[in-house]
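# Report on the structure
Each chain is listed here by its residues.
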Amino acid sequence: MQDIYVSDQYAELNPTWHEEDSPWKARQIEEIIRKNGLHFDSLCEVGCGTGEILLNLSRSFPKVQFTGYEVSPHAYQRAKTKEKSNVSFHLKDIIEEKDTRYDVVVIADVIEHVENYISFIKGLRPCGRYKIFHIPLDLSVQSVLRAWPIEKLRANVGHLHYFFKDTAIATLKDCGYSVIDYKYTASRLELPNQAFSSTLMRLPRKLLFSINPDLAVRLLGGYSLLVLAE
């Protein structure tokens, strides 16, 4: 499956590389950093795409050194043109790098794409003290009943693994992480360019979430999970 990223297949299916989502994702990451009072001088993103999340974060934390790692030549070439004094990009797999360590490592919407995601998550542990994972919660009652949302995610964006909150957190703990903080993010409610079905579901998702967040996400989906771990 990794061939879709190394080739131009993913770029052909997703020509923007979801750059339009990056300001929103950067805000979620900034919020959990500030909420937990993290002090850091270096931050890297694994699977940084075209680099827009890091560029947005660099405006909020101008004294921090940012580094992006990407395995897709197409995305890397676009990111490379955006480098500046405190933001750099590498066409490398960070796990294959030796003696590479950062204060914070961001893994946003990545683990669901990786074939051997358990080994991948374990391999990230030495790369930095704090890890921030953003994980789509693709499994819900409505997504399983309808089936096509999960099939579409697999065909169009390469999701190989599907999580709900409890399995996402359990996976990180099984890989040796200690969870410091987590929160739901309203990915299908707040991200731009959502499908018509997501627009229709926005109100019932918000209403049920205001009453019982866990139940709302399990039944209706539409949310992702942001986790701070070490």
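Now for a look at the structure at hand.

Here we take up unusual backbone geometry. Unusually for a residue other than glycine, Trp-17 sits at a positive phi of about 55 degrees. Among the secondary structure elements, Trp-17 is positioned in the loop between α2 (9-13) and α3 (22-35). Owing to a relative accessible area of 11%, Trp-17 belongs among the buried residues under this scheme. In this structure, Ala-147 takes a positive phi of about 70 degrees despite not being glycine.

Mapped onto the fold, Glu-97 is located in the loop between β3 (87-90) and β4 (102-108). Residues in contact with Glu-97, not counting those within four places in the same chain, are Tyr-69 and Lys-92.

With seven of nine residues buried, helix α4 (residues 52-60) lies mostly within the body of the structure. Of all the positions in α4, only Glu-52, Ile-53, Leu-54, Leu-55, Asn-56, Leu-57 and Ser-58 are classed as buried.

What follows covers the packing of helix α6 (residues 117-124) against helix α9 (residues 165-174). Packing of α6 against α9 brings their axes to within 9 Å, and their N-to-C directions diverge by 55 degrees. On the basis of the axis angle, α6 is oblique to α9. Read as a crossing pair, α6 and α9 show a hand that is right-handed. For the pair α6 and α9, the contacting residues are Tyr-117, Ile-118, Ile-121 and Lys-122 in the first and Thr-171, Leu-172 and Asp-174 in the second.

In total, this model carries nine aromatic pairs according to the counting rule given. A centroid spacing of 5.8 Å and a plane angle of 75 degrees characterise the contact between Tyr-184 and Phe-209, whose relative ring orientation is edge-to-face. Here Phe-209 lies in helix α11 (residues 196-211) and Tyr-184 lies in strand β6 (residues 179-185), a separation of 25 residues in the sequence. For Tyr-184, a relative accessible area of 17% translates into the label buried. Among the residues examined, Phe-209 registers a relative accessible area of 24% and is labelled partly exposed. Between the aromatic rings of Phe-209 and Tyr-223, the centroid separation amounts to 4.4 Å while the plane-to-plane angle is 10 degrees, which identifies the pairing as stacked. In this pair, Phe-209 is assigned in helix α11 and Tyr-223 in the loop between α12 (213-220) and β7 (224-229), connecting sequence segments 14 residues apart.

Conventions and cut-offs
Residues numbered from 1 in each chain as written. Predicted model: local features only at pLDDT ≥ 70, side-chain atom pairs only at ≥ 80, totals over all residues. Heavy atoms only, no water. Helix = DSSP H or I, 4+ residues; strand = E, 2+ residues; numbered from the N terminus. Buried < 20%, exposed > 50% of the residue type's maximum accessible area, 1.4 Å probe, protein only. Contact = heavy atoms within 4.5 Å. Axes fitted to C-alpha atoms, helices over the stretch in contact; angles between N-to-C directions. Parallel < 35°, antiparallel > 145°, perpendicular 65-115°, else oblique. Left-handed = near helix turned anticlockwise from the far one by under 90°. Phe/Tyr/Trp six-rings, centres within 6.5 Å; stacked < 30°, edge-to-face > 60°.

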